[in-house]
Amino acid sequence: VDFSQATLVYVVAAPGVVFAVFGLLWLLGWVPRELLLSRVTGVMFSASVLGLAAILWRLASTGSRAVEVTFGNWFAVHDYRFPLVLMADRLSLPFLAITVVLSGLIGQFSATYLHRERGFFRFFLLLHLFAFGSLLAFAAASFDLLVAGWELVGITSVLLIAFFQQRTPPVENGLRVFAVYRGCDIGLLVAVFAMHHWAGKASFASGLPVLTGMQPMIVCLLLLLAAAGKAAQVPFSGWLPRAMEGPTPSSAIFYGAISIHAGAYLLLRVQPLLAQSLLASALVIVIGLLTAVQGTIAGRASADAKTSLAYASLTQVGVVFVEIGIGWKWIAVAHVVGHAMVRTLQFLRAPSMLHDYHKMHSAAGGDLSPTGKHLEDLFPQRMQLWLYRWALDRCHLDTILDRYAIHPLMRLSRLFARLDGMGKAALSLQDSAGQEAD
Amino acid sequence: MADTGMTLRAVAIAIPWLAAILTAVGRRQVRAIGFTAALVSAAASALLLRAAPPRESLDETLMVLFSCLALGAMLVIPRRDCTFGTISGMLFILGSTLLAYSTQNLLVLLAAWILTTVPFLAARLFGARTWRPRVGLLLSSVALAAATGLIAANGQSMSIARLKGQSPGGMAVLGCLVLAVIFRKGICPAHAWVADAADSGPAIPTALLLNGHFGAMLVAKLIVPLFPHAAHDLFPMLSYLALATALYVAIRALTENSPRRLLAFLALSQSACILAGLESRTTEGVTGALVHWFVVTVSTMGLFGIVRLLEVRFGENLTASRHLGLAEHAPRLAVYFVIFGLALVGLPGTLSFCSQDLLIHGTLASHPQTGLLLPLATAMNAVSVFRLFTRLFLGKRRTGFTVMADALPRERWILAAGVLFVVLGGLFPNAIVALQSAEAETVEQAIAPPIPSPQP
């Protein structure tokens with residue numbers, strides 16, 4: 001293991017180790033001080049940034065395409081292998097970089113923002129777990145390992161949405177987001193199985209699995225389901241405004257920067273496969289376009305700052321999907337990096353938005369003309385009203401999901417409950433008859 | 001060597017039974033007696049496992065797992081439940097279960113099978129208030145007794161080793177054995193007794209009974225070795241039934257509000273996944289099933305234990321129909337609950353991530369269409385377990401409690417041990433997976449012809 005390989009292992013594993021050590025000690029009764037936790041977080045992520053810079057320098061100076069660390073198989077059964085290989089290449093490095101930079105920044109911001117908050121320790125633990133999951137997903141050299149990181153990002157996201165646990169709406173919204181994530185992740189699981197089944201591997205360290213005929217299309221469509229769920233694309237966009245119930249720093253890093261772009265990363269990773277399937281590429285473009293339009297329309301009718309920013313984020317991610325569908329891979333990567341940085345800043349400034357506005361207003365001499373109404377002016381009055389109603393209900397996406405997926409499932413569940421209850425009802429009659437006889 | 005093995009088996013089985021009698025004398029120290037007996041049993045089982053040949057250690061592995069589970073149960077059981085009846089009943093189940101795992105004789109297996117159900121048939125011990133658990137357990141015993149009787153009537157040996165590959169008694173015996181599996185395991189449509197038993201019986205002893213996984217044991221120990229060819233034809237049907245059960249129960253759990261029933265449904269759905277994996281006829285699927293057996297056993301015991309601890313602290317009327325906000329009072333129990341719960345449904349970093357991965361690959365390889373039900377069922381189970389977590393632990397803080405509500409040191413350490421098992425097993429799964437993989441190859445080779453695994 002050379003220096004860059006050891007550094008890559010450190011970058012990925014460090015947040016996981018911090019999470020495990022602090023979590024286990026807390027379970028056994030120890031509660032760390034805020035200062036210790038924030039210092040450890042700061043030092044750890046600073047070292048990670050330096051480490052990534054060293055890897056980048058090494059790659060640039062040697063002309064290598066990637067740094068790879070192979071640990072062998074995590075487990076192996078018969079012909080099936082779960083390879084434990086980490087990789088930092090030209091695609092994963094930008095994502096690794098935004099993860100460590102923004103996680104460190106969010107850690108430092110939150111040390112002040114959440115000072116003396118009851119969930120301070122919980123927030124930091126989840127931040128570390130999230131960073132570990134993201135880094136694992138971006139540094140994975142196989143789809144099997146990517147699933148592990150992907151799922152960790154999902155669960156931490158949900159636990160942070162329910163951060164203010166005393167209030168019911170965040171908790172219920174967390175559950176809703178969890179359900180969407182788990183439902184869509186089935187696509188990823190089945191896609192990984194399909195790659196193993198058809199190509200004998202799901203690793204992409206030495207190139208993507210070779211698929212032929214209809215296989216690339218099927219795999220890409222399954223991955224698109226997972227990517228759309230994670231990136232809140234149509235028709236799963238309804239969970240994004242619900243996710244704004246979490247604390248602002250977590251909203252910034254999850255829905256402004258990293259988690260929301262994980263879907264784009266997945267599609268970028270399989271871009272050569274996507275290029276083999278016209279249907280899948282077209283679907284990625286259509287979904288991206290629909291999401292961008294939906295995001296901009298719904299965002300204009302949002303009454304709170306964070307939701308507006310979330311929809312703005314959604315619009316940009318929709319555009320990124322379009323770029324991926326067209327095949328503009330590196331434009332999409334640049335778009336993701338730029339967007340993540342800007343949006344994080346906007347989210348972190350959201351609590352002081354009014355203050356900022358007033359400052360700008362005074363600086364402009366009290367004459368700050370309104371912006372952002374160009375799109376509305378293009379439409380006639382009646383259509384504007386129709387669009388407004390449509391936007392108020394967030395384009396009816398949640399209603400559609402409820403009506404055609406969730407409610408039928410719940411009805412089925414209640415039907416099963418009634419079937420199960422038949423025997424029980426017979427028993428109650430029997431019991432009451434017995435008691436009366438007694 | 002054989003004598004030592006026999007002695008260790010006798011110690012592992014007899015000590016819990018003797019201790020069950022001893023608890024009648026030392027009623028004030030029932031927990032200490034139970035703990036010591038379970039510890040001795042676990043130690044004897046571990047020594048047996050160490051001496052066992054690598055490819056034939058499934059029985060010994062299960063003995064270690066179950067005795068450790070009983071040991072944990074002795075520690076986690078709340079003081080209110082720590083009575084002579086409960087501890088002696090649990091020790092009785094421990095001894096009987098170990099007897100069932102270790103025996104190679106059909107009659108002894110039948111006796112052990114019936115003995116494990118006895119405490120649940122007696123109203124004074126663990127008898128549920130409803131009829132379905134009694135009927136389910138009785139019917140499973142009757143089915144196994146009928147199979148054993150038919151084999152005996154054909155004048156064949158009672159030794160499982162001698163009966164291997166002979167299809168004794170033909171389809172009639174096989175049918176009875178399958179019925180025994182269906183009733184004991186709670187496969188649809190015989191699933192309702194499990195939820196009733198968990199709801200109206202004692203939580204921790206019921207979890208102990210369910211985690212014996214006698215249905216899966218019967219498949220691995222009897223059906224596959226005795227009826228390899230018939231099993232090959234019948235397995236797809238059993239597999240479909242298991243997958244249908246996993247999905248049916250997962251859907252059923254979505255609207256269940258009783259925490260105990262909900263946990264029973266989750267345990268049932270995940271146990272059905274074990275059966276589906278065993279019947280997948282692929283090494284990946286069978287290995288996944290055997291590893292998942294470990295995960296389901298530890299996680300469901302942890303979950304039932306935590307729910308019982310909550311009932312003792314906050315009242316028996318816990319419900320998932322509203323938010324109870326118990327995390328404010330019991331934050332560590334909340335964390336243990338969410339880890340055990342998510343470990344049950346494939347959280348990365350836990351052993352179930354590996355087992356679910358193998359299970360999904362195995363079942364999809366053998367049944368590409370119906371195999372899709374497995375990830376679907378697991379996704380729904382994940383939603384149910386998270387829903388239960390949010391309803392029990394999150395929400396507005398309840399007031400009026402003056403008790404020390406969070407996990408006591410005794411509970412904390414044993415629950416931490418369970419968490420460490422599922423997490424360390426997930427981080428370093430190769431030891432467990434490799435061990436079970438060898439067993440799985442033995443099981444798979446018994447069924448001819450195997451489905452070829454995907455070639456790299």
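Residues numbered from 1 in each chain as written. Chains lettered and ligands numbered in written order. Predicted model: local features only at pLDDT ≥ 70, side-chain atom pairs only at ≥ 80, totals over all residues. Heavy atoms only, no water.

1. A short note on the overall build of chain A
- Per the secondary structure count, chain A includes 18 helices and two strands.
- Its C-alpha radius of gyration of 24 Å places chain A within 12% of the 22 Å reference for a compact globule of 438 residues.
- Expressed along its principal axes, the backbone C-alpha trace of chain A runs to roughly 90 × 70 × 55 Å.
- Roughly 18,700 Å² of accessible area belongs to chain A as shown, and the carbon and sulfur atoms make up 65% of that amount.
- Of the side-chain charges in chain A, 31 are positive and 24 negative, and the distance between the mean point of each set is 5 Å. (Helix = DSSP H or I, 4+ residues; strand = E, 2+ residues; numbered from the N terminus. Rg over C-alpha atoms; globule rule 2.2 N^0.38 Å. Areas by Shrake-Rupley, 256 points an atom, 1.4 Å probe, with all protein chains shown as cover. Lys, Arg positive; Asp, Glu negative; His and termini not counted. Charge placed at Lys NZ, Arg CZ, Asp CG, Glu CD.)

2. Comments concerning the packing of aromatic side chains
- Applying the stated criterion to the full structure yields 32 aromatic pairs over all chains.
- Geometrically, the ring pair formed by Trp26(A) and Phe121(A) is tilted, given 6.3 Å between the ring centres and 40° between the ring planes. You can see Trp26(A) sitting in helix α1 (residues 3-27) and its partner Phe121(A) sitting in helix α4 (residues 120-139), a full 95 residues away along the chain.
- Since its relative accessible area comes to 13%, Phe121(A) is described here as buried.
- Ring pairs connect the aromatic residues Trp74(A), Phe75(A), Tyr80(A), Phe82(A) and Phe353(B), which therefore count as one cluster. (Phe/Tyr/Trp six-rings, centres within 6.5 Å; stacked < 30°, edge-to-face > 60°. Buried < 20%, exposed > 50% of the residue type's maximum accessible area, 1.4 Å probe, protein only.)

3. Details of the confidence of the model for chain A
- Within chain A, residue pLDDT values average 91, and 95% of them lie at 70 or more.
- The low-confidence segment residues 427-438 of chain A, where pLDDT is below 50, has five contacts with residues more than four positions distant or belonging to other chains. (pLDDT = per-residue confidence, 0-100. Contact = heavy atoms within 4.5 Å.)

4. Concerning the side chain of Asp420(A)
- Summarising the element assignment, Asp420(A) is placed in helix α18 (residues 397-437).
- In this structure the side chain of Asp420(A) is engaged in a polar contact, spanning 2.9 Å, whose partner is the side chain of His191(B).
- Here Asp420(A) is in contact with Arg132(B), His191(B), Tyr248(B), Arg252(B) and Phe265(B), once residues within four sequence places are set aside. (Polar contact = N/O pair within 3.5 Å; in protein donor to acceptor, adjacent residues only side chain to side chain.)

5. Regarding the interface of chain B and chain A
- The interface of chain B with chain A comprises 69 residues on the first partner and 58 residues on the second.
- Of all residues in chain B, Arg332(B), His361(B) and Phe386(B) bury the most surface against chain A, accounting for 11% of the area lost on that side.
- Scanning the region where chain B abuts chain A turns up three salt bridges.
- In this structure, Arg118(A) engages Glu328(B) in a salt bridge whose closest nitrogen and oxygen atoms are separated by 2.1 Å. (Buried area = accessible area lost by both parts, 1.4 Å probe. Salt bridge = Lys/Arg side-chain N within 4 Å of Asp/Glu carboxyl O.)

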